[in-house]
Amino acid sequence: MYSYSGITALVTGASKGLGKAYAHELARRGAHLVLVARSGDALREVAAGIRAEHGTDVTPLVADLTDAGQVTALIAELDRREHTIDLLVNNAGAGTVGPFLTSSLARNVSSVELNVIALLRLTHLLGGRMADRGHGGIINVASIAAFQTMPYQASYAASKAFVLSFTEALAEELRGTSVRVMAAHPGATDTGFFDTSSATMNPAFTDAPEHVAAKTLDAFAKGALNSYPGRALFRPVTWITRLLPRATATRLIGRLNRSLGLHRAHDLDGTAPQDPAAG
Ligand SMILES: NC(=O)c1ccc[n+]([C@@H]2O[C@H](COP(=O)([O-])OP(=O)(O)OC[C@H]3O[C@@H](n4cnc5c(N)ncnc54)[C@H](OP(=O)(O)O)[C@@H]3O)[C@@H](O)[C@H]2O)c1
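Being a predicted model, the structure only gives us computed values, none of them experimental.

Considering the overall build of the protein chain
When helices and strands are counted, the protein chain shows eight helices and seven strands. In terms of C-alpha radius of gyration, the protein chain reaches 18 Å, essentially the compact-globule figure of 19 Å for 279 residues. Structurally, the protein chain occupies a C-alpha span of about 55 × 40 × 35 Å along its principal axes. The contacts in the protein chain between residues at least 6 apart in sequence include a share of 71% that link residues at least 24 apart. Accessible surface, the protein chain as shown: approximately 12,900 Å² in total, 55% of it carbon and sulfur. A distance of 7 Å separates the average location of the 26 positive side-chain charges in the protein chain from that of its 24 negative side-chain charges.

Some points on helix 5 (residues 154-173)
For helix 5, spanning 20 residues, the distance from its first C-alpha to its last is 29 Å, which sits close to the expected 28 Å at 1.5 Å a residue. Turning to helix 5, its buried residues are S155, Y156, A157, S159, K160, V163, L164, F166, T167, L170 and A171. Where the residues of helix 5 are buried, they touch helix 4 (105-133), strand 5 (136-141), strand 6 (179-184) and strand 7 (226-227).

A few points about the site of the ligand
Among the 30 residues in the neighbourhood of the ligand, the closest are listed as R38, S39, N91, Y156 and T191. Within the backbone of N91, one N or O atom sits 2.7 Å away from an oxygen atom of the ligand. The side chain of K160 places a nitrogen or oxygen atom 2.9 Å from an oxygen atom of the ligand. When the ligand sits alone it has 880 Å² of accessible area, and the protein chains cover 94% of it. Elements with a minimum of two residues in the shell around the ligand: helix 1 (17-28) and helix 5. Partitioned by chemical class, the residues of the shell around the ligand number 14 nonpolar, twelve polar and four charged.

Let's talk about a nonpolar patch on the surface
On the surface, W239, L243, L244 and L252 cluster together into a nonpolar patch covering about 370 Å² of accessible area. One can find W239 in the loop between strand 7 and helix 7 (240-243). For W239, a relative accessible area of 34% puts it in the partly exposed group.

What counts, and at which threshold
- Residues numbered from 1 in each chain as written.
- Predicted model: local features only at pLDDT ≥ 70, side-chain atom pairs only at ≥ 80, totals over all residues.
- Heavy atoms only, no water.
- Helix = DSSP H or I, 4+ residues; strand = E, 2+ residues; numbered from the N terminus.
- Rg over C-alpha atoms; globule rule 2.2 N^0.38 Å.
- Contact = heavy atoms within 4.5 Å.
- Areas by Shrake-Rupley, 256 points an atom, 1.4 Å probe, with all protein chains shown as cover.
- Lys, Arg positive; Asp, Glu negative; His and termini not counted.
- Charge placed at Lys NZ, Arg CZ, Asp CG, Glu CD.
- Expected span 1.5 Å × (residues − 1).
- Buried < 20%, exposed > 50% of the residue type's maximum accessible area, 1.4 Å probe, protein only.
- Near = heavy atom within 4 Å.
- Polar contact = N/O pair within 3.5 Å; in protein donor to acceptor, adjacent residues only side chain to side chain.
- Nonpolar A, V, L, I, M, F, W, Y, C, P; charged D, E, K, R; others polar.
- Patch = residues over 30% accessible without salt bridge, like charges linked within 9 Å, V, L, I, M, F, W, Y side chains within 5 Å.
- Salt bridge = Lys/Arg side-chain N within 4 Å of Asp/Glu carboxyl O.

Following this line, the structure appears as structure tokens:
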């Protein structure tokens, strides 16, 4: 069983939400931390809280991970501080909600840059060092949205499908080595994920981020390839495209998301929804 005690873990998107929960749970299990996000004040507050509560070393580093130059600078800063990363938690993520063609192109692009390109860069840069050292771990936070198309969250689900496919392939490339990769697939989780959107989550169907973080880390410690840290109800969602033709599954999910009002949802930047399928 993998032990988190004494390792150094880098958690992206640790200023709030699931990333903050991963950071607390890792510290509770004895890990030292490097925390990354854009909001310096929030990040420093999380770091101070963890130091006070768990007494571990916590280094907050501010970076916009959609900027290749800032990713390079982040790695250089890790080197300058002589931090060796044993566990990378690619958690930072974002997404747009609502009809794709009337949603903000800039938001779609930046969320894919974060969910896909930043994850790819960090996995390559830090994973390469783990392979050279002969040990390490990477947890890529995907979603139950990774397993099927999601009309009205089209680019988000597609970006998470990338994370799932990429992670499984990389895990196979690394099989037999001491570097392990796992994808985590939370369901709806009670974070600020929808704060920049008119969409809301039904609190009756959301999990606590602390619970999701703990289950993710338990699964990684046991050597899982995929972790489903949400409530049991979410798991069958990941089977839909195994049970139904893809076109049928897409129609079903589209209907479900319309019933949840996602066809009327929009980012809170003044973009108005104009979905032709909206009833
Ligand atoms: N909440 C859910 O229902 C749910 C379900 C399944 C999967 N997930 C996944 O879980 C992960 C965490 O989501 P969450 O719900 O915790 O979202 P959240 O509350 O919105 O937090 C997102 C985190 O990412 C950071 N971030 C955003 N853009 C960034 C950038 N360009 N560079 C660096 N950091 C950036 C944010 O910090 P700053 O703004 O300070 O940069 C924040 O710390 C995501 O990958 C998401 O797709 C969430």
